[in-house]
Amino acid sequence: MRGLTPGGVSSPVRAFEPCPVYFEKGRGCVVTDVDGNDYIDLCMAYGPLILGHAHPSVASAIMRQAETGTVFGAPSPPEMELVKEISGRVTCAEMVRLVNSGTEATMHAIRLARGHTGKRCVVKMRGGFHGSHDAVLSDRSQRRLRNGIPSGAASGTYTVDYNSEDQMESVLEGRDDIAAVIMEPVLGNAGVVPPGKDYLKKVRRMTEREGVLLIFDEVITGFRLARGGAQELYGVKPDLCTLGKIMGGGLPAGAIAGRREIMEKLAPVGPVYQAGTFSGNPLTAAAGTAALREMTKERYMELDRMGSELVSSISDSLEDRGVTAAVNVVGSMFQVFFGVGSVRNGADALRCDRQTYSDLFRRMLDSGIYMPPAALEVNFLSTEHGSEIRRLSEGFDACMRCIK
Ligand SMILES: *Cc1c(COP(=O)(O)O)cnc(C)c1O
C-alpha cells in the first residue's frame, strides 16, 4: 500500500512503525485484522463509534436507506430527522447546517463568524485541533504542519494556552480584530485535558463582554459527554458549535449549529456562502439519527461508570509500580501521560514521555488491545465495552509490568 498511497494510510495519524494494522471487520468493541487477529478497540475510529462497531440498529438504518437512495441533491426526510435530533439535544442549536466532516464544519463556522462580525482573526488553543484547513493549523507547537499554508492564512490565528484565563483576557482585550474564539471545551487532540473549575464560564463571560463569538468545537465531545455534549455537561452555551464524529453513526458527517441570528447569515438566507454536494446526505442522516436515538441518559451514565472504573484501575496499576504519570478522564474518554505529574493544557501534554506510550501501545497491541497509536490521542469507550473492562485493566497491568 505504501507504494500507492502516501505512508499506506488515508490519514496520517493512522501510520505507525513498522506498519499500521489493516482491519477487516469490527463488531461491538472488537476489531479483527486481515490476518484474523482480534483486538479490543480503544481507538474506536478516533471517536465516532459510541455504540461500537456495526451496531445492529445503525447497520439496519443504513441498509434500509441504501435501498431507497443515497444522495438526492435536494432536501429529504432523513436529513430533517437528523437536524431535529441535533437541535433537540444541543442547547445552542437553534439552527443546524449539515456538512460532511468536522473539518468542513469548523472551516465554515469560522467563515460564518467572520461574515457575521466583519472581523478577520480567530483565537484558538495551543494543542487544540479543528481539522486540517489553513486557519486552524498554525499552532506554534505544530510548526511542522505549516508547510503549504500561506502565511496570510496563519497570520489571522492567535493561540493561547487552554485553561489560562489571563492569556484569554489579554488577547481579547488587546485587539479589536477578533471574530471568534474557537475551542474544544475538553481538549481531545492533546490527549484528554478537562477544563478547570469555571474556566469555560469565564471564557464565555469574556467573549460576551468583548463582542467576540464563542465557537465550541464539539466534534469529539458532542453526543459523547452527555446527550447535549460538553455545553450541557458544563452548563455553558456558545454562540456556535461544530459537530461531527458521533452524529454520523459511523459515516462521514459534520454540522454547524448555533444562534438563529448568526446561522441565518448562511446562504441562501444570508450573504456567507457555504455549500456541498453530499451535505445532509440521507445515508449519513439515517445512520446518525439511529445512533443518536440509541443514546439514552442511562447509556451515558453507564459510559461514565465504565470510564471511571477503568481509569481507577489504571491509576492503581501505575501507582503500584511507582510510575509517574497523569491519567486524565472525562466520561468515556481518557489518556495516560507518562513522566508528568499533571496535564492542564497542550504544552503540558507535549512534555509527556511519548516513547513509553509507544512501548505501551506496542505491548497492548501484542496482547490484543488496540489503543490509539499516538500519545496525544484519546482512548474511547463505547456502550459495548462493559464486559471487557476487567480484561482491559488486567491487560494494562500486565503490559506495565513488562515496561517497568
Ligand atoms: C476530528 C476532529 C475534527 C475534524 O473532523 P474530520 O471529520 O476528521 O474532518 C475537528 N475538530 C475536532 C475537535 C476533532 O476531534
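Scroll up a little and you will see the structure.
So, here's what we can say about the structure. Small disclaimer: the values here were computed from a predicted structure and weren't measured.

**As for the side chain of Q65**
Inspection of the secondary structure puts Q65 in helix α1 (residues 56-66). Classification of Q65 by relative accessible area gives buried; the value is 12%. A distance of 3.0 Å separates a polar atom in the side chain of Q65 from the backbone oxygen of G69.

**A few points about the site of the ligand**
Near the ligand you find S101, G102, T103, F129, H130, G131, E184, N189, D217, V219, I220 and K245, and these make up its full shell. Contact distances for the ligand include 2.8 Å between an oxygen atom and a backbone N or O atom of G102. Interatomic distance of 3.2 Å between a side-chain N/O atom of N189 and an oxygen atom of the ligand. For the ligand, whose free accessible area comes to 380 Å², the fraction covered by protein is 83%. A class-by-class count of the residues in the shell around the ligand yields 3 nonpolar, 6 polar and 3 charged.

**Remarks on the pattern of salt bridges**
A side chain with one charge may pair with a side chain of the opposite charge, provided their charged atoms come close. On inspection of all chains with the given rule, the structure shows 23 salt bridges. Where E85 meets R89, a salt bridge forms, and the shortest distance between an N and an O atom there is 2.5 Å. Of this pair, E85 and R89 both sit in helix α2 (residues 77-89), 4 residues apart, which is roughly one turn of the helix. One exposure class covers both E85 and R89, and it is buried. We note a salt bridge from K202 to E165, for which the minimum N-O separation is 3.6 Å. One end of the pair, K202, is in helix α6 (residues 199-210); the other, E165, is in helix α5 (residues 165-174), and 37 residues separate them in sequence.

**Remarks on the packing of α5 against α6**
Remark: α5 packs on α6, axes separated minimally by 10 Å, with the N-to-C direction vectors making an angle of 10°. The orientation of α5 relative to α6 falls into the category roughly parallel. Between α5 and α6, the contacting residues are E165, M168, E169, L172 and E173 on the first element and Y199, K202, V203, M206, T207, R209 and E210 on the second. Residues belonging to the contact of α5 with α6 are distributed by class as follows: 5 nonpolar, 1 polar and 6 charged.

**Quick look at the packing of aromatic side chains**
Enumeration over the complete set of coordinates arrives at 5 aromatic pairs. Here F16 and F361 contribute two aromatic rings whose centre-to-centre distance is 4.8 Å and whose plane-to-plane angle is 80°, an arrangement assigned as edge-to-face. A residue pair is termed long-range when its members are at least 10 positions apart, and F16 in the segment before β1 (23-27) and F361 in helix α12 (residues 354-366) qualify at 345 residues. Exposure class is identical for F16 and F361. Each is buried. Ring geometry for F23 versus Y39: centroids 5.9 Å apart, planes at 65°, classification edge-to-face. Of this pair, F23 sits in strand β1 while Y39 sits in strand β3 (residues 38-41), placing them 16 residues apart in sequence. For F23, a relative accessible area of 33% translates into the label partly exposed. Residue Y39 is classed as buried on the basis of its relative accessible area, which comes to 8%. Through a chain of ring-to-ring contacts, three or more aromatic side chains come together here, namely F16, F23, Y39, F361 and Y370.

**Quick notes on the sheet that holds strand β6 (residues 157-160)**
Strand order across the open sheet formed by 7 strands is β4-β10-β9-β8-β7-β5-β6, with mixed pairing between neighbours. Looking at strand neighbours, the two that pair on one side only are β4 (95-99) and β6, the edges of this open sheet. Going across the sheet, the axis of each strand differs from the next one's by a mean of 20°, ignoring polarity. As defined by bridge partners, strand β5 (residues 121-125) adjoins strand β7 (residues 178-183) across 3 bridges and the pair is classed as parallel. Counterpart to V122 in the pairing with β7 is A180.

**Describing the packing of α12 against helix α13 (residues 389-403)**
Running from N to C, α12 and α13 cross one another at 125°; their axes reach a closest spacing of 10 Å. As judged from the angle between their axes, α12 and α13 are oblique. Seen from above, α12 lies across α13 with right-handed handedness. From α12, T356, D359, L360, R363 and M364 reach across to α13, where they touch G395, F396, C399, M400, C402 and I403. Grouping the amino acids of the contact of α12 with α13 by side-chain chemistry returns 7 nonpolar, 2 polar and 2 charged.

Cut-offs used in this document
- Residues numbered from 1 in each chain as written.
- Predicted model: local features only at pLDDT ≥ 70, side-chain atom pairs only at ≥ 80, totals over all residues.
- Heavy atoms only, no water.
- Helix = DSSP H or I, 4+ residues; strand = E, 2+ residues; numbered from the N terminus.
- Buried < 20%, exposed > 50% of the residue type's maximum accessible area, 1.4 Å probe, protein only.
- Polar contact = N/O pair within 3.5 Å; in protein donor to acceptor, adjacent residues only side chain to side chain.
- Near = heavy atom within 4 Å.
- Areas by Shrake-Rupley, 256 points an atom, 1.4 Å probe, with all protein chains shown as cover.
- Nonpolar A, V, L, I, M, F, W, Y, C, P; charged D, E, K, R; others polar.
- Salt bridge = Lys/Arg side-chain N within 4 Å of Asp/Glu carboxyl O.
- Axes fitted to C-alpha atoms, helices over the stretch in contact; angles between N-to-C directions.
- Parallel < 35°, antiparallel > 145°, perpendicular 65-115°, else oblique.
- Contact = heavy atoms within 4.5 Å.
- Phe/Tyr/Trp six-rings, centres within 6.5 Å; stacked < 30°, edge-to-face > 60°.
- Pairing = 2+ DSSP bridges.
- Left-handed = near helix turned anticlockwise from the far one by under 90°.

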